[in-house]
Amino acid sequence: MFNSHKQKVYKSKSPCLAFFAILVFWGFFLSADAQRVHRIGSEGASTIFSFYNTSPESPDGKTIAYIRCIEEPSGDGDEILAPAELWVCDRNLQKHRKVTGIKGTAAHNGVEAQWVDNDRIAIFDSFRVRLIDVHIGKDLLKSEIKANGLGHHPFQNKILYNIYKNDGHGEPGIYELDCNTQQSRLILSVADCGNVKLPHYLQEGDVKPLSDWRALHSQYSPDGKKIAFRLDIGSSERSQLLGICNIDGSGLSVMPKSLHFFWYDNTSIVGHLQNGKDGKRHEVPEKRFSLTRWDLNGNVLQEMIAPRGNHLAMSPDKKQFVSETFYNTNPVVIKLYTIGAPGFPVTIDSFDPLGVTWIRRFHANPAFSRDGKRVYFSKPLNAKYNGTFYYEIK
């Protein structure tokens, strides 16, 4: 279509004017699209949201939370934490204010911030869990809770957190904190994971001693009755498994893990296909890292929902997905896909990673707004700072 249009231009009586009209049209198109991308937070420091598919909006959609770094964290090699602050603003990007100070944030996933309700935010600050009153900045937990990371989102005033090593934090495993009663309980210990039947394709070198296993990226099912989590039993890619258990820790099973994942509904998981049930890459190149849905036994329910992707998010109505291009790509391209029409994505943004996205690990980590009308994401402001943005969906 473009070539035929181009031929018509050169046959016109005023080719320069026609060519200028094309430039004006495309310039308007690009600028109009750019006008739907809005920065959150001021310049002069990096800002961060949270995990992929974890909305920075309060449950009522009226307030946005973000992290503003005082010093710059490093993700190059060993993660170096840096002091920062928790900030909020309203949905219209007005009334920015500091909520509380943070001892140490990472570049990768920030402090894993998540709204418990419209008044409280849970964060992971320098190996401890914090529960913050967003209105007055007060720490609400009466006892210190040490951990190695949070789950991805709360469920009915409860949050998940993980402990990796038995080094004074507690027994390694997945824990649940009731933010109302402030009582914690162990859901599933790593020691219990040692009894699960592992995939047949794993070899001796893929499996480390049980003391080196860890559970992370824990996520409630939509009804809160199950938990999905990443189970690392070794250092190889094949050693990263997807674990699923009941909320009381029973019924544990494992399967090959997708690149990134979350619950599609109460009976299935969605993510970008990494390895099949045989532990190998798919024989069809186009299907590798394509968006796929599995049942809880690892059987494929839907494949090629969207093309190759990376970090991902799903709209509340499950009609749209968003993801960015694979690790170490340049440019990084973030696309919005409508389910049923994967061949017609909308490009949300395209940018040079500038050593910020991949090397320092300020990943795009897209997430939808509560009403599904925005996509929040990260991208570099320049070669020094990361920025936080949202894209307004038509």
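Above this text you will find the structure in question.
Residues numbered from 1 in each chain as written. Predicted model: local features only at pLDDT ≥ 70, side-chain atom pairs only at ≥ 80, totals over all residues. Heavy atoms only, no water.

1. Comments concerning the overall build of the chain
To keep it simple, the criterion reads: A run of H or I in DSSP counts as a helix once it spans at least four residues, and a run of E counts as a strand once it spans at least two, with each numbered from the N terminus. The globule rule used for comparison is 2.2 Å times the number of residues to the exponent 0.38, while the radius of gyration itself is calculated over C-alpha atoms. Three exposure classes are used, based on accessible area relative to the maximum for each residue type with a 1.4 Å probe and protein chains only: buried under 20%, partly exposed in between, and exposed over 50%. Note on contacts: a residue pair is in contact if any heavy atoms of the two residues lie within 4.5 Å. For the area figures, the Shrake-Rupley method with a 1.4 Å probe applies, and any residue is considered shielded solely by the protein chains shown. Positive charges come from Lys and Arg, negative ones from Asp and Glu, while His and the chain ends are left out of the count. Think of each charge as sitting on NZ of Lys, CZ of Arg, CG of Asp or CD of Glu.
Counting its secondary structure elements, the chain contains three helices and 28 strands. At 22 Å, the chain has a C-alpha radius of gyration in line with the 21 Å of a compact globule built from 394 residues. Principal-axis analysis of the C-alpha atoms gives the chain an extent of 80 × 55 × 35 Å. Counting across all 394 residues of the chain, residues that qualify as buried make up 52%. Within the chain, contacts between residues at least 6 apart in sequence are counted, and of these 48% link residues at least 24 apart. Within the structure as shown, the chain displays about 18,400 Å² of accessible surface, and the carbon and sulfur contribution to it stands at 52%. Put simply, the chain has 48 plus and 42 minus side-chain charges, and the middle of one group is 6 Å from the middle of the other.

2. Focus: the pairing of strand S25 (residues 341-351)
In plain terms, the rule: Note on pairing: DSSP must find at least two bridges between two strands before they are called paired.
As paired elements, strand S24 (residues 332-338) and S25 share six bridges and run antiparallel to each other. Each residue of the ladder has a partner; that of Val333, found in S25, is Ser350. Taking the residues between adjacent antiparallel strands as the criterion, S24 and S25 are bridged by two residues, where Gly340 takes a positive phi near 95°.

3. Some remarks on the nonpolar core
The condition is simple: Residues belong to one nonpolar core when they are buried, are Ala, Val, Leu, Ile, Met, Phe, Trp, Tyr or Cys, and are joined through side-chain atoms within 4.5 Å.
Core analysis: the largest hydrophobic core is formed by 20 residues, its most contacted members being Leu188, Phe229 and Leu231. The set of elements that each furnish at least two residues to this core consists of strand S13 (183-189), helix H3 (190-193), strand S14 (214-220), strand S15 (226-232) and strand S16 (240-246). Here this core takes three residues from S15, the largest share from any one element. Those residues in contact with Leu188 that lie beyond four places of it in its chain are Gly173, Ile174, Cys193, Phe229, Cys245, Gly249 and Leu252.

4. Quick word on the pattern of salt bridges
The test is simple: Counted as salt bridges are all cases of a side-chain nitrogen of Lys or Arg within 4 Å of a carboxyl oxygen of Asp or Glu.
Enumeration over the complete set of coordinates arrives at 19 salt bridges. Taking the shortest distance from any N to any O, the salt bridge between Arg91 and Glu57 comes out at 2.7 Å. Taken together, the residues span a long stretch of sequence, with Arg91 in the loop between strand S4 (82-90) and strand S5 (97-105) and Glu57 in the loop between strand S2 (47-48) and strand S3 (63-69) at a distance of 34 residues. Exposure remark for Glu57: the relative accessible area of 0% places this residue in the buried category. The partner of Lys98 in a salt bridge is Glu85, with the nearest N and O atoms 3.6 Å apart.

5. Here we look at the packing of aromatic side chains
Defined as follows: Working definition: rings of Phe, Tyr and Trp (its six-membered ring) pair if their centres are within 6.5 Å, and the pair is stacked with planes under 30 degrees apart, edge-to-face with planes over 60 apart, and tilted otherwise.
This structure, assessed with the given rule, holds 10 aromatic pairs. Ring centres 5.7 Å apart and planes at 40° place the aromatic pair Phe155 and Tyr220 in the tilted group. With Phe155 in the loop between strand S10 (149-150) and strand S11 (158-163) and Tyr220 in strand S14, the pair connects residues that are 65 residues apart, well separated along the chain. You can call Tyr220 buried: its relative accessible area is 1%. With 4.7 Å between their ring centres and 50° between their planes, Phe289 and Phe326 make a pair best called tilted. Taken as a pair, Phe289 in the loop between strand S19 (268-272) and strand S20 (291-295) and Phe326 in the loop between strand S23 (320-324) and S24 lie far apart in primary sequence, 37 residues in all.

6. A word on the sheet that holds S2
The antiparallel open sheet is built from four strands, whose spatial order is S2-S3-S4-S5. Single-partner strands in this sheet number two, and they are S2 and S5. The sheet contact formed by S4 and S5 spans six bridges and is antiparallel. By the bridge assignment for S5, Ala82 is matched with Thr105.

7. Focus on the sheet that holds S13
Within the open sheet, the four strands sit side by side as S10-S11-S12-S13. Their pairing is antiparallel. Each edge of the open sheet is held by one strand with a lone partner, namely S10 and S13. Two elements, S10 and S11, share two bridges in a ladder whose sense is antiparallel. Counterpart to Leu150 in the pairing with S11 is Tyr161.

8. Looking at the side chain of Asp90
In this structure, Asp90 sits in strand S4. Buried charge without a salt bridge: Asp90, with Lys95 as the nearest opposite-charge side chain at an N-O distance of 5.0 Å. Contacts of Asp90, omitting those with residues within four sequence positions, involve Lys62, Thr63, Ile64 and Lys95.

9. A short note on unusual backbone geometry
Between Asn330 and the following residue, Pro331, the backbone shows a cis peptide bond with an omega angle of 10°. In this structure, Ser126 takes a positive phi of about 50° despite not being glycine. By secondary structure assignment, the location of Ser126 is in the loop between strand S7 (120-124) and strand S8 (128-133). In the Ramachandran plot, Asn328 falls in the positive-phi region, its phi being about 70° despite a non-glycine side chain. In this fold, Asn328 is placed in the loop between S23 and S24. A relative accessible area of 63% places Asn328 in the exposed class.

Keep in mind that these numbers describe shape and distance, not what the molecule does.
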